Amino acid sequence: MESLICPNCGAENEPTAKRCKECNALLVGLHKENKPSTDDLKGKDINFLANNDQDLPGLLHALKQDGDITTDGGGVAGEGEGYASREDEAFGDRDLSMDEEGIPEWLQRIRKRAKKETDAAGEITQKLSVTQENLAEDKLETHDRSFASWIESLRGEGSENEQELETTSEKTHGDDAETAQKDPGWLSKIRKVKGISPGEYRKGSYQKTGDSLLQWLVALEEGREPIQPIPGENAGESVETESDEKVVTDTDSPEGVDLTQKITMDGKSTRADLTPQLDVSREEQAHADLFSSTVLDEKSSRAPQQIKTKSTNWVIRLMTSFLFLTVLSLTLFTGWFPELETGNLQPPGWFALIDSIENFPEDGELLLIADYQAGFAEEIELVALPILSEAIRPGMALSVVSSKPAGFILIRQLLTAVPNSENLIINDLGYVPSPGFAAYDIVNIKQVGPGVSNLINSTLPVSDMDLDGAFILTDSYEGGRLWIEQLSARLPQVPLYLLVTAQVSPMLLPYQESGQVVGVAAGIADSLVMDSLGNELEMPRLWRAYQAGILMLIAAILVGAIFSLNSFRVKKMDGADELE
Amino acid sequence: MRSILAIIILLSVALITLGGYLFEDFLAPILVLIVDWGLLILGTTLLMGIGYLQKTHIQRLFQSQKGAFLSAVILLTFSFTLISGLILPLQNEFFSQLILNIQVPVEASLLAVLAVVMFSASLRIIHTQGVNLLSISFLISALIALVIKSGIFQSQSNPVATQILAFVNRLPLAGARGILIGMALGGLLVGLRVLLAFDRPYGEE
């Protein structure tokens with residue numbers, strides 16, 4: 001009996017019907033389209049659905065009318081039978097040869113093929129199987145993901161791959177078709193182990209037996225399936241893995257660790273057991289520790305401590321300065337500082353100096369060399385005034401030569417403080433802008449008389465003068481040395497006396513020991529000794545201020561050294577932190 | 001040619017100066033002439049330096065650069081001092097007081113500031129280098145010198161302290177003597193090298 005199958009809904013209609021009784025679809029022209037020729041059926045495989053996926057709903061509808069599709073082998077065979085019966089109904093009235101039982105010839109071929117081949121139903125059943133397998137994989141998604149992370153942890157790929165895997169699995173869960181095209185990495189590796197290429201898997205050309213992916217994974221989990229290395233892995237990656245595993249081998253395993261390890265899984269395994277274990281080298285661990293320490297250091301409250309330290313230093317500096325100024329002021333203006341015991345020890349050559357200047361004749365002639373700056377005038381005055389007061393007698397002739405621009409004015413200022421200086425004869429020999437030139441010129445002027453560099457007010461050469469002594473007042477080591485060397489060499493009969501500042505005396509004292517200089521007086525400490533000569537200087541007051549200032553300076557150096565050392569340590573620690 | 005001429009002049013002046021210590025009466029006129037020329041050249045260079053300094057301040061003043069006011073002050077004071085020095089003699093009381101009441105306090109203040117700077121520099125040694133041999137020896141030397149100069153431990157009633165202080169006081173003498181001997185030997189060698197034209201500090205190579 002001939003009937004028409006609606007191509008839209010698959011319902012059976014009368015042969016003469018023009019529209020489907022179910023969906024009212026147009027059935028005109030269906031006779032010619034549904035009558036393939038015998039040659040076509042013989043020469044080609046039935047591939048209606050393969051050529052056009054839009055035919056699949058109709059076929060599924062027809063199959064549903066015969067029963068559910070099963071996944072086992074019988075199901076597949078029955079599937080073929082159902083499909084054959086539908087085809088029989090669909091093409092029952094076609095001009096095909098029939099056997100004696102009334103079964104169409106094409107159906108007999110299909111059944112024969114179904115008996116020979118497991119999946120003889122063709123691509124339709126393959127697609128259905130793939131769909132069912134994807135559904136089964138979705139059900140086991142969590143389980144597979146755990147396996148994937150476990151495999152990834154064994155291969156040392158870290159948690160990033162796991163996240164990618166989860167992302168891929170989520171995409172798989174959301175879109176099955178996309179999952180079929182883009183397999184995750186772990187699935188590709190499993191297929192490599194099983195020897196199945198992705199192309200074969202998608203085409204379904206490999207033999208699907210009971211050795212399915214799920215069964216293999218279950219066997220792998222239960223330990224019945226040996227873990228095999230992945231063929232085609234990168235050699236360099238393997239070397240790196242082995243080198244990293246050596247660190248683990250030294251501590252954990254005496255035999256070394258394979259690329260993958262067999263881990264027994266049971267139902268009590270937790271997520272922590274599946275956490276990827278990263279192999280970290282010592283250098284990487286050091287960097288990680290440094291990063292952690294840096295983060296902790298940045299979070300520490302160090303900045304407020306620095307501000308507190310600076311504030312403390314500022315307060316200490318202010319207090320120290322105030323104390324320093326107060327003590328100095330009290331000692332200078334009120335004599336508050338207690339008088340310390342001083343032995344009034346004479347400086348070296350003191351007695352020779354005193355004896356020499358006490359023997360100056362009343363009408364003697366002295367040479368004064370002014371080689372000091374205006375800034376040291378006070379100190380030079382403290383040192384020189386007691387000695388010059390003892391050495392100079394009324395009516396003496398004083399010749400003054402200067403190697404500093406203001407030398408003569410300073411000497412004259414000094415001489416005004418000397419007692420009985422009203423009748424002094426002062427000859428300004430002038431200014432020579434170089435101690436070396438001046439000393440040499442003084443020595444050599446005796447033969448030629450006045451010249452370009454002549455000493456201005458000299459009527460006689462210095463060498464022709466009957467000098468009883470020469471006083472060198474200097475604040476410069478270089479100037480004092482030049483004067484001493486020139487005068488002691490050219491005028492050896494003239495005694496030389498050094499009246500110098502405290503900073504110069506250590507460098508000029510050797511000339512006293514060598515005999516080139518009779519005596520040296522330097523600084524306030526020596527001027528205190530001069531006070532014993534009976535001059536009316538305010539040395540006790542000045543000396544106490546001097547002592548107080550020195551003690552304050554010593555204290556300031558000690559306190560400052562402690563703070564500087566502390567700041568150096570802080571700076572060093574900061575530098576070490578920056579260097580690390 | 002210039003180099004040979006310079007060497008000839010140098011050798012002539014050096015040999016005459018050295019010979020003046022041996023043949024004083026014979027070479028004295030030439031020595032005085034050489035000294036006069038040297039002093040003239042030295043004075044001229046000083047004037048050139050002063051002139052260059054004034055030129056710089058004049059340019060800064062007329063170009064209204066930064067610090068023009070200070071340059072104007074410098075020019076005025078320099079002109080005033082120069083004119084006063086040319087007109088008034090050194091014995092003039094006004095000129096003497098001008099020098100003493102300005103130059104002495106200013107230079108004394110600068111030296112006081114220098115003392116503070118040196119004190120700070122001594123502490124900066126520890127701040128920059130920490131505790132090492134140099135910094136510690138420097139500070140200990142400074143402290144010992146200050147203690148000795150303070151006169152606190154100077155006492156005739158304690159002969160042991162006096163001897164210790166005398167020994168400590170001789171330490172700078174030993175160092176100074178070594179420095180002086182080293183400078184003398186160095187000066188001798190440098191003079192010989194210049195005389196033998198191994199070193200030519202007068203220009204070219």
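The structure reproduced in this document is the subject of the present report. As the structure is a prediction and not an experimental result, all values here were calculated from the model.

Now for the interface of chain B and chain A. By convention, interface size is frequently given as the accessible area that disappears when the constituent parts associate. Counting residues at the interface gives 59 residues for chain B and 59 residues for chain A. Between chain B and chain A, the buried area comes to about 5,200 Å², and carbon and sulfur atoms account for 69% of it. Linking chain B with chain A are one salt bridge. Across the contact surface, chain B and chain A share four residue pairs in polar contact (both at pLDDT 80 or more). Ranked by the residues each element gives to the side of chain B that touches chain A, the list is headed by helix 4 (residues 93–129) of chain B, at 17 residues. Among the residues forming the side of chain B that touches chain A, the class breakdown is 32 nonpolar, 19 polar and eight charged.

What follows concerns the packing of helix 22 (residues 505–513) of chain A against helix 6 (residues 159–195) of chain B. Between helix 22 of chain A and helix 6 of chain B, the shortest axis-to-axis distance is 8 Å and the interhelical angle comes to 85°. Comparing the axis directions of helix 22 of chain A and helix 6 of chain B gives the class roughly perpendicular. Between helix 22 of chain A and helix 6 of chain B, the residues in contact are A:Pro506, A:Met507, A:Leu509, A:Pro510, A:Tyr511 and A:Glu513 and B:Arg170, B:Pro172, B:Leu173, B:Ala176, B:Arg177, B:Ile179 and B:Leu180, respectively.

A regular strand places its side chains so that they alternate between the two faces of the sheet. All names here are of chain A. Taken across its five residues, strand 7 (residues 496–500) has five buried, putting it largely inside the fold. Burial along strand 7 is two-sided: Leu496, Leu498 and Val500 facing one way and Tyr497 and Leu499 facing the other are all buried. Pairing analysis gives five bridges linking strand 6 (residues 469–474) to strand 7, with the strands arranged parallel. Directly across from Ala470, in strand 7, lies its bridge partner Leu496. What joins strand 6 to strand 7 is helix 21 (residues 477–490), and the crossover it makes is right-handed. At this point the chain moves from strand 7, through helix 22, to the parallel strand 8 (residues 519–522), and the crossover so formed is right-handed.

Residue and element names in this part refer to chain A. Tallied over the full model, the rule gives seven salt bridges over all chains. In this structure, Lys404 engages Asp475 in a salt bridge whose closest nitrogen and oxygen atoms are separated by 3.7 Å. Here Asp475 lies in the loop between strand 6 and helix 21 and Lys404 lies in the loop between strand 4 (397–402) and helix 19 (407–416), a separation of 71 residues in the sequence. By relative accessible area, which is 19% here, Lys404 ends up buried. Given the relative accessible area of 7%, Asp475 is considered buried.

Here we come to helix 5 (residues 133–150) of chain B. With 18 residues, helix 5 of chain B extends 25 Å between its outermost C-alpha atoms, agreeing within 8% with the 26 Å of an ideal straight helix rising 1.5 Å per residue. Once helix 5 of chain B ends, the next one or two residues include B:Gly151, with phi positive near 75°.

With that out of the way, let us pick up the environment of A:Leu509. Structurally, the position occupied by A:Leu509 is in helix 22. Residue A:Leu509 is classed as buried on the basis of its relative accessible area of 18%. Those residues in contact with A:Leu509 that sit more than four places away from it in its chain are A:Val520 and B:Leu173.

Residue and element names in this part refer to chain A. Relative to the assigned elements, Thr474 resides in strand 6. Note on Thr474: relative accessible area 0%, which makes it buried. A polar contact is formed between the side chain of Thr474 and the side chain of Asp371, at a distance of 3.0 Å. Beyond its immediate chain neighbours, meaning those up to four positions away, Thr474 contacts Asp371, Tyr372, Ile380, Gly480, Leu499, Val500, Thr501 and Leu508.

Thresholds applied
Residues numbered from 1 in each chain as written. Chains lettered and ligands numbered in written order. Predicted model: local features only at pLDDT ≥ 70, side-chain atom pairs only at ≥ 80, totals over all residues. Heavy atoms only, no water. Contact = heavy atoms within 4.5 Å. Buried area = accessible area lost by both parts, 1.4 Å probe. Salt bridge = Lys/Arg side-chain N within 4 Å of Asp/Glu carboxyl O. Polar contact = N/O pair within 3.5 Å; in protein donor to acceptor, adjacent residues only side chain to side chain. Helix = DSSP H or I, 4+ residues; strand = E, 2+ residues; numbered from the N terminus. Nonpolar A, V, L, I, M, F, W, Y, C, P; charged D, E, K, R; others polar. Axes fitted to C-alpha atoms, helices over the stretch in contact; angles between N-to-C directions. Parallel < 35°, antiparallel > 145°, perpendicular 65-115°, else oblique. Buried < 20%, exposed > 50% of the residue type's maximum accessible area, 1.4 Å probe, protein only. Pairing = 2+ DSSP bridges. Right-handed = clockwise from strand over helix to strand, strands pointing away. Expected span 1.5 Å × (residues − 1).

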